[in-house]
Amino acid sequence: MDHDVIVVGTRAAGAATAMLLARAGLRVLAVDRARFPSDTLSTHQVQVPGIARLRRWGVLDRIAAVTPAVPTVRVDAGRRAVLHGHYPAVDGVGALYGPRRTLLDAALVDAAREAGAEVREGFAVEELTREANGRITGIRGRERGEGRGRAPSTSRITATARLVIGADGKRSTIAEAVGATSYHVRPPATFACYTYWSGVDLPVGEIHVRPGLTVPAFPTNDGLAMVALFAPLADFDRFRADPGASYQAALDRCGGDLGDRVRSGVRAEPFRLAPDVPNQFRAAHGPGWALVGDAGVVMDPVAGQGISNAFRDAEILAAAIVRGLGSGGRLDDALAGYQRERDAAALPIYQMTRSLATLRVSAAQRLLLAAIADDPAETTRFLSVLAGADRYDEYLRAGNVLGRLSTGVGRRLCRRPVRAAQIKRRRVRPASAQAAPDHPKAAPALPARENRG
Ligand SMILES: Cc1cc2nc3c(=O)[nH]c(=O)nc-3n(C[C@H](O)[C@H](O)[C@H](O)COP(=O)(O)OP(=O)(O)OC[C@H]3O[C@@H](n4cnc5c(N)ncnc54)[C@H](O)[C@@H]3O)c2cc1C
């Protein structure tokens, strides 16, 4: 075999996996058909657990040097359900960052090379090689020369390895070639539209949620603001008939001054439209192959979890491979452990994401936001779930949520009789009147700890 491991795809998942494996002393070839720096469709908020991993890997400094930290966020679900608080600290990191993918992915590719991985750009994998028993043994593909001043040349390349990793995104060629089975499949629910603005003041991160609409607005590189919206996929054709007008109308629907702030800024880049948002898990491994990142688990981008998920799974997979390829190790057993650990960590985040992708906010969710808004610790606990640092399923346990609601409402009853009365009135309205589907980037309550690994 030419290599211990071949990694196909070198963005969030692939470059991180290649870097970690090379640091462990394995012979790694990593290929991508793109050349870096390279952009991709992504609103690129990296949640706190993902940022903590970047720091642990020694990659955060190059990002943080040119990207604003976002330690606090304002979540506005309308009708007084507004909270503003600090993200949780994970391993000493207490901020989200939104680096452009041109910066983030290139920094990870550099880190993989510095660790000793052979990274080849402009290399498109077309097929896999296999033994007679079906075990994957390598890749075949075409590598484009850069053709500086000459016509670009293309070479057909074959390379072999003990393991081929598909880190090639949600439409993974590797997953298709090996016939990886899918599970937890859910239909696409939203589309995204985003762009970048100069002259838009964003002192804190903002997430606005309204019926059928979620609008994240975060600062990014070069003094720009990234302002995105997520809306029901069923509205996509109408929206794309006039993206500029539809986008502005959606921001105006958030109320407050967001629409005016954006209107007074200057659009720095074209609108990006993203209607291809599948939700599924794929089998994580088989004989001679494994999947990581979106190739293995992909979820609606409304929750902004894909990059952090990719980092987490890169770490779990790399540790499993090092164990499995080590002396006395059993690679297939180690990879089975990877799949179990990946699924246990990803499932609560998937459940939260599916809830957010409904683009509805229930009366109970709004009540919860209002109940915890005055309490900085509870607000951070809630943001910890949104960030994927604490488990959504544990936060949602009935005792937890009801406890928070009763404490929060009780506090309000003592402090603000008028507002408490309003809350009470709202609670006795008939269910049909309450169902007004307000949206939420925020669903209910909080949690235990997961992703701190
Ligand atoms: C609109 C939108 C907004 C998003 N916003 C966020 C957000 O705010 N925060 C967040 O965490 N996540 C967000 N995501 C999700 C995030 O972008 C993905 O989860 C993340 O990019 C997955 O990384 P990956 O490395 O697994 O795959 P990808 O980023 O898809 O990278 C796959 C790589 O594989 C390469 N490749 C594919 N096929 C081949 C081949 N045959 N040969 C060679 N190379 C190949 C591609 O060139 C590519 O570079 C968003 C996604 C979308 C669509």
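Residues numbered from 1 in each chain as written. Predicted model: local features only at pLDDT ≥ 70, side-chain atom pairs only at ≥ 80, totals over all residues. Heavy atoms only, no water.

Under an unreviewed UniProt entry, the name given to the protein chain is Dehydrogenase (Flavoprotein), and the organism recorded is Asanoa ishikariensis.

**Q** Is there a simple way to think about the overall build of the protein chain in this case?
**A** Tallying secondary structure elements over the protein chain gives 16 helices and 21 strands in all. Of all 453 residues assigned to the protein chain, the portion counted as buried reaches 57%. The long-range share in the protein chain, meaning contacts at least 24 apart out of those at least 6 apart in sequence, stands at 76%. Looking at the protein chain as shown, the accessible area adds up to about 17900 Å², and 52% of this sits on carbon and sulfur atoms. (Helix = DSSP H or I, 4+ residues; strand = E, 2+ residues; numbered from the N terminus. Buried < 20%, exposed > 50% of the residue type's maximum accessible area, 1.4 Å probe, protein only. Contact = heavy atoms within 4.5 Å. Areas by Shrake-Rupley, 256 points an atom, 1.4 Å probe, with all protein chains shown as cover.)

**Q** How should I be thinking about the pairing of strand β12 (residues 190-198) in this particular structure?
**A** For a regular strand, the rule is simple: side chains alternate between the two faces of the sheet. The buried fraction of β12 is high, at eight of nine residues. Pairing of β12 with strand β16 (residues 266-267), which is carried by two bridges, proceeds in the antiparallel orientation. When the sheet's bridge partners are listed, W197 is paired in β16 with R267. (Pairing = 2+ DSSP bridges.)

**Q** Can you help me understand the site of the ligand in this one?
**A** Around the ligand, the structure places 30 residues, and the nearest of them are D32, T43, Q45, D294 and I307. The contact in question runs from an oxygen atom of the ligand to an N or O atom on the backbone of A12, over 3.3 Å. Separating an oxygen atom of the ligand from a backbone N or O atom of I307 is a distance of 2.7 Å. Within the complex, the protein chains bury 92% of what would otherwise be the 1000 Å² of accessible surface of the ligand. (Near = heavy atom within 4 Å. Polar contact = N/O pair within 3.5 Å; in protein donor to acceptor, adjacent residues only side chain to side chain.)

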